Each structure stands twice: as C-alpha cells, then as structure tokens.
Amino acid sequence: MSGQDGRRAMTMRSSSALSARITIVALCLALLLLGGVGLSVGSAGWQSPWAVPTSAGLGQIMWEIRAPRTLGAMLVGALLGLGGAVAQGLFRNPLAEPYLLGSSSGAALGMALMLSFGMPDALVATTGGRMSLTGAAFIGAVGGVSLSLMLARGAAHTMRLLLGGVVVGVVLGALTQLLMVWSASAWRIMQAFMLGHTALLGWQACGLMAAVLCLTLPVAMALARVLDALSLGEDAARTLGIPLGLTRAVLVAVLALSTGAAVAQAGLVAFVGLVAPHLVRARAGARHGILLFLSTLMGAVLLVAADILSRLVLAPQELPVGVLTAVLGGTYLLWLLHRRRT
C-alpha cells in the first residue's frame, strides 16, 4: 500500500470514528429528551413534570407508573437492538432478527403453559402472578433457543442452526395456538402478549432487564472482532484461529438472554431488533464493536418513541406498542426496499 493510500485509509477511519461519536451523542440526547416526554404523557394527555410539587397524586403517578414504564421501554428496545445486531452478524444476514432461533415462540409457549395448567385466573392480575408469567416466558425463550441448538447439534454450522430455529419456531408456535384455542382465559391474556405491551413494566422489571443488559452488552462487544471475522466468511475466520463452535455458542447465549429478557417483560415487540441495526449501520461501518453499541442505543430510542406514540394515537385509550412498531418498521423496510430498487 502506498503512502497516499495509507493516508486515505486513515482519513476514512477517523471520519467514521467521528461520525460514530456524533451519533452516540445524538442518540443519548434523544433518550434524555424522550425520557422527559415519557414522564409527561399519560392517558389524560400532556402533564408537565413541573406540576409535580403542587400535585402529590401526579408525582406518585410519574414515579410509580410513567418512570418505570419509560425506562422499561428503553431497556426492552436496547435488548432487542443488541439482539438484532448480534443475530445479523452471526448469520451474516441483514434480515436476521432476535426471534430467529425460537425465543419468541418458546416464550409464548411457556406463558401459555403457565396460564393453562399452572395458574388460577384469580392470580393473573396479582404481582406474584405477573412475576410467574414473566419467569415462565423467560424460561420458555431460553428453552426454545436451547432446543434449536440441540437440533443443530451445536452452533458450529450456521445454516443448520438457522434451520433448527425455523423448525422450533413453527412447532412451538403451533403448540401455543393449540393451548390458546383450548383455554379461553389464556387466549385473552396471550393476545396482549402477542401484540407487545409496556404498560405493566415496573421497577423490578427494569432492574432485571438492566442486569441482563449489563451482562450481555460487554460480552457481545468483547466478541465484536469475531463478528468482524465472520463477515469475511467462515473460512477466513478459521484461518485467523477463531474457535467458531465456542464463540458462536457464546453469541447465541447472548442472543437468547437479551431476547428472552425483553420478550418476557414486554411480549412480542416486532421489528425493533430488525430495524435498529439498519438505521445505524452507515455510521458504524464494518466494525461490529461500534455497531453493537449504536444498535443498542437506537433500539432504546425507537421503542421509547413508539411507547409515547402508543399513548397518544388513540388517547385516552392505548394502542399496543407492538402493533405500532410493526406498522412503522414494516413501512421503513418497504421504503428501504423501494430505494434500493431505484
């Protein structure tokens, strides 16, 4: 490489790094702004946070309902954004999403089993009942991914793992539908889960999701160079001495934990994990370390914005946030497809 080419490459890398830093700052500012808006928007419309000192009831509503809901939406979006970036890097497919390995269908089946056989209807609305349901959903999500790994005989072969996830998703989804038809009470509750929701997020849920994010994000970023190598092909990764079976298994574990925690708390929120990496990929370039972090921030921004819109669109009623993300995410992907064709 000539000196001029080297200087050009260094200039491009510094420009990309500057662009990534600017994007990080912009996303953090957007989170702060949306956090303030989330505290101010309720079923009665806009209520200024500055009115809290003069209204004890408003202060309690903001602290016990709006604050954990807004923070929880950020954490759910962050976990889905991280899972989407890991999935797309792991499978080298820009259309990969966090639910690809059966985590969503496993979570739905775990909740359906709990509702149909393990929980009386009177306990569903209680705090203990909600904790049991989220626990069952999390165990089901991790179990779905584990079953995909068993069918694929480990994580060494990408195509086999992908096919295993598809098979597990179809079979577990069919079992969930069967249980929902068999139990009318399970159908009513599962409908909210399938549409995605943030209304019931509390401080305990925020703490659990924050702990999972603090565990999975550093591990994913530590394996960012593995994802960089995989983007060049499996043969190139092997020549670099990367143990593909072990590193893929760790990445699948990150994907399972992040997606399972998000789905267990908020249900099946569509398109956030798929769209978030696309929105920041141009800023991150080919480096997965930056892409993982930016996707996490973008996922948080997307879902908290969708959560605020879901309170406003049909106020005083609320639109399920998963419906809104599906409409907006699908519209964005259609626009992206149209732009690439033209």
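In what follows, the accompanying structure is described. Everything numeric in this text was worked out from a predicted model, so none of it was measured. (Residues numbered from 1 in each chain as written. Predicted model: local features only at pLDDT ≥ 70, side-chain atom pairs only at ≥ 80, totals over all residues. Heavy atoms only, no water.)

**Side note on a nonpolar patch on the surface**
Working step 1: Together, Leu147, Met150, Leu151, Val166, Val167, Val170, Val171, Leu175 and Leu178 line one region of the surface with nonpolar side chains, adding up to about 830 Å² of accessible area.
Working step 2: When contributions to the nonpolar patch are tallied by element, the ones reaching two or more residues are helix H4 (127–152) and helix H5 (158–182).
Working step 3: Of all the elements, H5 adds the most residues to the nonpolar patch, at six residues.
Working step 4: Along the chain, the position of Leu147 falls in helix H4.
Working step 5: Residue classification places Leu147 among the partly exposed residues on the basis of a relative accessible area of 32%. (Patch = residues over 30% accessible without salt bridge, like charges linked within 9 Å, V, L, I, M, F, W, Y side chains within 5 Å. Areas by Shrake-Rupley, 256 points an atom, 1.4 Å probe, with all protein chains shown as cover. Salt bridge = Lys/Arg side-chain N within 4 Å of Asp/Glu carboxyl O. Helix = DSSP H or I, 4+ residues; strand = E, 2+ residues; numbered from the N terminus. Buried < 20%, exposed > 50% of the residue type's maximum accessible area, 1.4 Å probe, protein only.)

**Let's talk about the nonpolar core**
One broad rule of soluble globular proteins: the nonpolar side chains tend to lie buried together.
Working step 1: The biggest cluster of nonpolar side chains holds 83 residues, and the ones touching the most others in it are Val76, Val86, Met190, Phe193, Val269 and Leu292.
Working step 2: With 13 residues, the top contributor of residues to this core is helix H2 (residues 56–91).
Working step 3: Setting aside residues up to four positions removed in sequence, Val86 forms contacts with Ala220, Leu227, Leu251, Val254, Leu255 and Leu292.
Working step 4: Judged by nonpolar contacts, the second largest core, of five residues, contains Leu274, Val275, Leu333 and Leu336. (Core = buried A, V, L, I, M, F, W, Y, C linked by side-chain atoms within 4.5 Å. Contact = heavy atoms within 4.5 Å.)

**A look at helix H7 (residues 203–222)**
Working step 1: Spanning 20 residues, H7 covers 29 Å between terminal C-alpha atoms, matching the ideal 28 Å at 1.5 Å per step.
Working step 2: For H7, every residue scored as buried is listed here: Ala205, Cys206, Met209, Val212, Leu213, Thr216, Leu217 and Ala220. All buried residues of H7 project into a common sector of 135° when viewed along the axis, lining one side. With respect to the buried face of H7, the exposed residues turned more than 90 degrees away are Cys214 and Ala222. (Expected span 1.5 Å × (residues − 1). Arc of directions from axis to C-beta.)

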